[in-house]
Amino acid sequence: MNTPAALTTRGDTIVFPKPLIRARIVRRPNRFIIDADLDGAEVACHCPTTGRIGNLVLDGLDCLLSPSHNPARKTPYTVEAVSVDAPGTARPAWIGINQNAANRYVEQALVHHLLPDIVTAHSVLREQTLGASRLDFLVDDTYVEVKTPLDHLQVTLGEHVRTRPRPPLASTDRLVKHIGELGHSLKSHQRAVLLVCFLYDNPGFRVQASSHHDEVHSTVAQAVRDGVEIWQVNFRLNASGVRVARYCDLTSQFLA
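(A) Region of interest: the packing of aromatic side chains. Under the counting rule described, the total for this entry stands at five aromatic pairs. For the pair Tyr-105 and Phe-235, a centre-to-centre distance of 6.1 Å together with 55° between the ring planes defines the contact as tilted. Of the two residues, Tyr-105 is situated in helix 1 (residues 99–111) and Phe-235 in strand 13 (residues 228–237); the sequence distance between them amounts to 130 residues. Here the two residues Tyr-105 and Phe-235 agree in accessibility, since each one is buried. Ring geometry for Phe-198 against Phe-205: centres 6.1 Å apart, planes inclined by 45°, an arrangement best described as tilted. These aromatic residues form a ring-pair network of at least three members: Phe-16, Tyr-105 and Phe-235.

(B) Local environment of the pattern of salt bridges. Enumeration over the complete set of coordinates arrives at 13 salt bridges. Arg-134 serves as the salt-bridge partner of Glu-127, at 3.6 Å between the closest nitrogen and oxygen. Residue Glu-127 shares its accessibility class with Arg-134, and that shared class is exposed. Lys-147 is the salt-bridge partner of Glu-145, the closest N and O atoms lying 3.4 Å from each other. Three or more residues joined by partner-sharing salt bridges are found here, namely Arg-22, Arg-24 and Asp-62.

(C) Main features of the pairing of strand 12 (residues 191–198). Among the eight residues that make up strand 12, seven are buried, leaving the element largely enclosed by the rest of the structure. Sheet topology note: the strand 11 (residues 142–147)/strand 12 ladder contains six bridges and is parallel. Looking across to strand 12, one finds that Lys-147 is bridged to Val-196. As defined by bridge partners, strand 12 adjoins strand 13 across seven bridges and the pair is classed as parallel. Its bridge partner being in strand 13, Val-196 is matched across the sheet by Gln-232.

(D) Structural view of the side chain of Ser-83. Take Ser-83: it is sitting in the loop between strand 7 (77–82) and strand 8 (95–96). Among the polar contacts listed, one links the side chain of Ser-83 to the backbone nitrogen of Asp-85, at a separation of 3.1 Å. At 3.0 Å, the side chain of Ser-83 and the backbone oxygen of Ala-93 are in polar contact. Leaving out residues up to four positions away in the same chain, Ser-83 has contacts with Leu-61, Asp-62, Pro-92, Ala-93 and Trp-94.

(E) Just the environment of Val-242, in detail. Looking at the element boundaries, Val-242 is found in strand 14 (residues 241–249). Exposure remark for Val-242: the relative accessible area of 0% places this residue in the buried category. Each C-alpha atom of the pair Val-242 and Tyr-200 lies 9.8 Å from the other, and the pair is 42 residues apart in sequence. Those residues in contact with Val-242 that sit more than four places away from it in its chain are Asp-12, Thr-13, Ile-14, Phe-16, Tyr-105, Phe-235, Arg-236 and Leu-237.

(F) The sheet that holds strand 1 (residues 8–10), seen in detail. Across the sheet, which stays open at both edges, the eight strands sit in the order 1-2-14-13-12-11-10-9 with mixed pairing between neighbours. For this open sheet the edge positions go to strand 1 and strand 9 (124–130), each flanked by a neighbour on one side alone. Geometrically, the sheet is characterised by an average inter-axis angle of 35° between neighbouring strands, direction not taken into account. By the bridge criterion, three bridges tie strand 10 (residues 133–139) to strand 11 in an arrangement that is antiparallel. Residue pairing for strand 11: Leu-138 is matched across the bridge by Tyr-143. Strands in contact with helix 1 are strand 1, strand 2 (13–15), strand 9, strand 10, strand 11, strand 12, strand 13 and strand 14; relative to strand 10, the strand with the most contacts, it is inclined by about 30°.

The rules we used
- Residues numbered from 1 in each chain as written.
- Predicted model: local features only at pLDDT ≥ 70, side-chain atom pairs only at ≥ 80, totals over all residues.
- Heavy atoms only, no water.
- Phe/Tyr/Trp six-rings, centres within 6.5 Å; stacked < 30°, edge-to-face > 60°.
- Helix = DSSP H or I, 4+ residues; strand = E, 2+ residues; numbered from the N terminus.
- Buried < 20%, exposed > 50% of the residue type's maximum accessible area, 1.4 Å probe, protein only.
- Salt bridge = Lys/Arg side-chain N within 4 Å of Asp/Glu carboxyl O.
- Pairing = 2+ DSSP bridges.
- Polar contact = N/O pair within 3.5 Å; in protein donor to acceptor, adjacent residues only side chain to side chain.
- Contact = heavy atoms within 4.5 Å.
- Axes fitted to C-alpha atoms, helices over the stretch in contact; angles between N-to-C directions.

That's the geometry; what it means functionally is another story.
Right under this line is the structure:
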């Protein structure tokens, strides 16, 4: 089993066990694999998200890799982040793409009180049940569910970045469905937070327009009235670790 090495937190920085390794993406042949050029050698790397990463064509972009701790794994590295800055930029801005890692970063932030305006943790329990939902954390008496959207990236793209057409969103997003489930499951005086987590400095999360706009708005607004709070947290990632860049309460915008 490939168990991730433990993270540590020093001050306000969540530190990786070993620094990530910079490489350049050659291609993404399928949703599970990204081929990268590492010091002149092409290596097959695990892609930790099977969906789209915005509307990016990844070929040619710089990336950060973490080594696998499982010698039997066919992919010796995992792509943790990509950058849309010009290849070779000395200090690029990174976009984390490992949605599983996001939960580990949030856990460290909760345990080490890096999100005090959301919740101050004395006890952090993983994978707790609330009604029909299985949520990521129970922090004292507050349920916390983490979502890390990657389908739509709110970043500025340079001319060197290629994109592909984005099909229109025609169905209700899973994120919105989960908000509704949280609201239905809450009992009187219980508190639940849906934490929309970005592994880059997102300027402000918005639910994307779709042909089901009225249904989406109604579902989210009812969940908020039922007691669900919606917060955004931005982590800033580099080769050595991640930091909480900023966070904010989005709840009121979903009642407008």
